[in-house]
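Listed below, chain by chain, are the residues.
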Amino acid sequence: EGERLLAMAEIYVGQFASARQRLEALLARYEADQGRVRNTRYNLDQLVAIKCSLALVLWLTGEPGRATQVIREAVDRAERIDHIISRSNLLALGAIPITFWSGEFRTADHYQALLEEDGRREYIEIWARIARFFKAALRAKQAGVDGLKELNARLEELVEWGFTMRAPMYYCTH
């Protein structure tokens, strides 16, 4: 987990090449272990988390097709192992943003609905605001200027609640 978090820090400071190298090495190690499920109730499945992080760096470095492929693999695994914490984390931090940015709005909408479902099933409050934000973002894509008011309100809510590290990512959704 420390290696993956180090890669995420590298992503946030723009060191994409080293982050990608680190994540691909982690992925190879976990896949060699045949993807054995290693989580507890509150921890993330490492293979799901690694793929989520790798997909983000792939998207940021101009590989949206591969990023969405890796995200789909991660979603499939999270659903297969039925670990709601891993799935919610993946949906909020990887699957919804990447499919939204890639213009796959139907898929982003599906993932957003899954995140809302996870929130109702286990009431994971941390992701409820992300679910509302992307619901507003998807509405804004359909409603145009009329939807931007709600999108801006949800963005302000995220910042007020301390989602500042990812705020630049959310601002790009406009």
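Just so we're clear, the structure is a prediction, and the values are computed from it rather than from any experiment. (Residues numbered from 1 in each chain as written. Predicted model: local features only at pLDDT ≥ 70, side-chain atom pairs only at ≥ 80, totals over all residues. Heavy atoms only, no water.)

J.: Explain the packing of aromatic side chains to me, and be specific about the residues and the numbers.
T.: Under the definition given, this model contains four aromatic pairs. Between Trp 59 and Trp 101, the aromatic rings sit 4.8 Å apart at their centres with planes inclined by 45°, giving tilted as the arrangement. With Trp 59 in helix H3 (residues 46–60) and Trp 101 in helix H5 (residues 84–101), this pair connects stretches of sequence that are 42 residues apart. On the basis of relative accessibility, which here comes to 18%, the residue Trp 101 falls in the buried class. Chaining the aromatic ring pairs together yields one cluster made of Phe 100, Phe 105, Phe 133 and Phe 134. Seen from the ring of Trp 161, Arg 129 lies directly overhead, with NZ or CZ sitting 3.4 Å from the centre. (Phe/Tyr/Trp six-rings, centres within 6.5 Å; stacked < 30°, edge-to-face > 60°. Helix = DSSP H or I, 4+ residues; strand = E, 2+ residues; numbered from the N terminus. Buried < 20%, exposed > 50% of the residue type's maximum accessible area, 1.4 Å probe, protein only. Lys NZ or Arg CZ within 6 Å of the ring centre and 35° of its normal.)

J.: Any details on the packing of helix H1 (residues 2–12) against helix H2 (residues 16–32)? Residues and values, ideally.
T.: Packed helices, taken two at a time, are described by their axes: the angle between them and the distance between them. It is at 8 Å that the axes of H1 and H2 come closest, and there the two elements cross at 160°. Compared by their axis directions, H1 and H2 come out roughly antiparallel. Read as a crossing pair, H1 and H2 show a hand that is left-handed. Judged by residue contacts, Glu 3, Arg 4, Leu 6, Ala 7, Glu 10 and Ile 11 of H1 engage Phe 16, Ser 18, Ala 19, Arg 22, Leu 23 and Leu 26 from H2. Class assignment for the residues of the contact of H1 with H2 results in seven nonpolar, one polar and four charged. (Axes fitted to C-alpha atoms, helices over the stretch in contact; angles between N-to-C directions. Parallel < 35°, antiparallel > 145°, perpendicular 65-115°, else oblique. Left-handed = near helix turned anticlockwise from the far one by under 90°. Contact = heavy atoms within 4.5 Å. Nonpolar A, V, L, I, M, F, W, Y, C, P; charged D, E, K, R; others polar.)

J.: Describe in detail the layout of surface pockets, supporting the description with residues and values.
T.: Computed from the structure, the largest pocket encloses a volume of approximately 280 Å³. Looking at the largest pocket, it is lined by 14 residues, and the ones nearest its centre are Met 8, Tyr 12, Leu 93, Met 165 and Arg 166. It is H1 that contributes the most residues to the lining of the largest pocket, five residues altogether. Broken down by class, the residue content of the lining of the largest pocket amounts to 10 nonpolar, two polar and two charged. Roughly 230 Å³ of internal volume is contained in the second largest pocket. Around the second largest pocket sit Ile 11, Tyr 12, Phe 16, Leu 56, Trp 59, Leu 60, Trp 101, Met 165, Pro 168, Met 169 and Cys 172, which together line it. Counting residues per element, the lining of the second largest pocket draws most heavily on H3, at three residues. Residues of the lining of the second largest pocket, tallied by class, amount to 11 nonpolar, no polar and no charged. (1 Å grid on protein atoms, 1.4 Å probe; cavity = no way out; pocket = protein on both sides within 12 Å on 5 of 7 lines; lining within 4 Å. Points joined across faces, edges and corners; volume = space filled by probe spheres on them.)

J.: Can you tell me about the packing of H5 against helix H7 (residues 125–143), naming the residues and giving the values?
T.: Packing of H5 against H7 leaves a shortest axis separation of 10 Å and a crossing angle of 15°. On the basis of the axis angle, H5 is roughly parallel to H7. Handedness of the H5/H7 crossing: left-handed. Seen from H5, the contacting residues are Ser 88, Asn 89, Ala 92, Leu 93, Ile 96, Pro 97 and Phe 100; seen from H7, they are Trp 127, Ile 130, Phe 134, Ala 137, Leu 138 and Lys 141.

J.: Which residues make up the pattern of salt bridges, and what are the values?
T.: In total, this model carries 19 salt bridges according to the counting rule given. Between Glu 63 and Arg 20 there is a salt bridge, with the nearest N and O atoms lying 2.6 Å from each other. With Glu 63 in the loop between H3 and helix H4 (64–81) and Arg 20 in helix H2, this residue pair connects regions lying 43 residues apart in the sequence. Notably, a salt bridge pairs Glu 117 with Arg 87, separated by 3.7 Å at the nearest N-O pair. (Salt bridge = Lys/Arg side-chain N within 4 Å of Asp/Glu carboxyl O.)

Bear in mind that shape data such as this cannot, by itself, settle questions of function.
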